[in-house]
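# Structural characterization, general
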Amino acid sequence: MVDALHEAQRILVDRGVFVDARPDSRVSARVRARTARGRVIGTIGSQRPTKTDDQLSDKAIRQVLRQKLFSSRRRGRLWHAIPFEDAAELNDYLRDHLRFSKRVRWRAVRFEILEKR
């Protein structure tokens, strides 16, 4: 990822903005009943290999910030709801996504807006 960040810095215009958005395996995603604001009925975590990938991506961001290739304008966590008709549809979704654990136990997306220096 460090190489990709160096390439992004190379092609951005001065003071250009780059948004790094990727899954956040530090927190489990919430599974809610019926609506995006419904009662939490479970959570979904990431599989161990993807957690390692996420840690390496975090390290790459810290590295380019230390190198002063970018400055951070803002960072945070963004939650997005994905509606499912029923538990079977949720299980189908989990089966198709290698990142998630295969059992419900939902997930945030970490973001950072980087500005070329």
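A word on the overall build of the chain. Across its full length, the chain holds three helices and five strands. Reading the chain from its N end, one meets helices and strands in the order α-β-β-β-α-β-α-β. Every one of the 117 residues in the chain was classed for burial, and the buried ones make up 34%. Between the centroid of the 28 positive side chains of the chain and the centroid of its 15 negative side chains there is a distance of 8 Å.

Moving on to the side chain of aspartate 20. One can find aspartate 20 in strand S1 (residues 17–24). With a relative accessible area of 7%, aspartate 20 lands in the buried category. Polar side-chain contacts of aspartate 20 include one of 2.8 Å to the side chain of arginine 22. Setting aside its immediate chain neighbours within four residues, aspartate 20 contacts Met1, Ile61, Arg110, Phe111 and Glu112.

Another aspect to go through is the pattern of salt bridges. Going through the model one piece at a time under the given rule, you end up with eleven salt bridges. Measuring nitrogen to oxygen at the nearest pair gives 3.9 Å for the salt bridge that ties aspartate 24 to arginine 26. Its salt-bridge partner being arginine 77, residue aspartate 24 comes within 2.7 Å of it at the nearest N-O pair. Taken together, the residues span a long stretch of sequence, with aspartate 24 in strand S1 and arginine 77 in strand S4 (residues 70–79) at a distance of 53 residues. One salt-bridge network, in which partners are shared between bridges, spans Asp20, Arg22, Asp24, Arg26, Asp58 and Arg77.

The next point concerns unusual backbone geometry. Leaving glycine aside, a negative phi is the common case for residues, and trans is the common case for peptide bonds. Of note, arginine 15 is a non-glycine position whose phi angle comes to about 60°, a positive value. With respect to the helices and strands, arginine 15 occurs in the loop between helix H1 (2–11) and S1. Classification of arginine 15 as exposed rests on a relative accessible area of 62%.

Our next topic: the packing of H1 against helix H2 (residues 48–66). Relative orientation and spacing of two packed helices are given, respectively, by the angle between their axes and the distance between those axes. At their nearest, the axes of H1 and H2 sit 9 Å apart, and the two run at 40° to each other. Taken together, the axes of H1 and H2 are oblique relative to one another. In this structure, the crossing between H1 and H2 has a hand that is right-handed. Across the interface between the two elements, Val2, Leu5 and His6 of H1 pack against Ala60, Ile61, Gln63 and Val64 of H2. In terms of residue class, the contact of H1 with H2 is made up of five nonpolar, two polar and no charged.

So, about the environment of isoleucine 41. Mapped onto the elements of the fold, isoleucine 41 is located in strand S3 (residues 40–44). Along the chain, isoleucine 41 and glycine 76 lie 35 residues apart, while their C-alpha atoms are 25 Å from each other. Excluding its chain neighbours within four sequence positions, the residues that come into contact with isoleucine 41 are Val31, Arg32 and Ala33.

Cut-off values and rules
- Residues numbered from 1 in each chain as written.
- Predicted model: local features only at pLDDT ≥ 70, side-chain atom pairs only at ≥ 80, totals over all residues.
- Heavy atoms only, no water.
- Helix = DSSP H or I, 4+ residues; strand = E, 2+ residues; numbered from the N terminus.
- Buried < 20%, exposed > 50% of the residue type's maximum accessible area, 1.4 Å probe, protein only.
- Lys, Arg positive; Asp, Glu negative; His and termini not counted.
- Charge placed at Lys NZ, Arg CZ, Asp CG, Glu CD.
- Polar contact = N/O pair within 3.5 Å; in protein donor to acceptor, adjacent residues only side chain to side chain.
- Contact = heavy atoms within 4.5 Å.
- Salt bridge = Lys/Arg side-chain N within 4 Å of Asp/Glu carboxyl O.
- Axes fitted to C-alpha atoms, helices over the stretch in contact; angles between N-to-C directions.
- Parallel < 35°, antiparallel > 145°, perpendicular 65-115°, else oblique.
- Left-handed = near helix turned anticlockwise from the far one by under 90°.
- Nonpolar A, V, L, I, M, F, W, Y, C, P; charged D, E, K, R; others polar.

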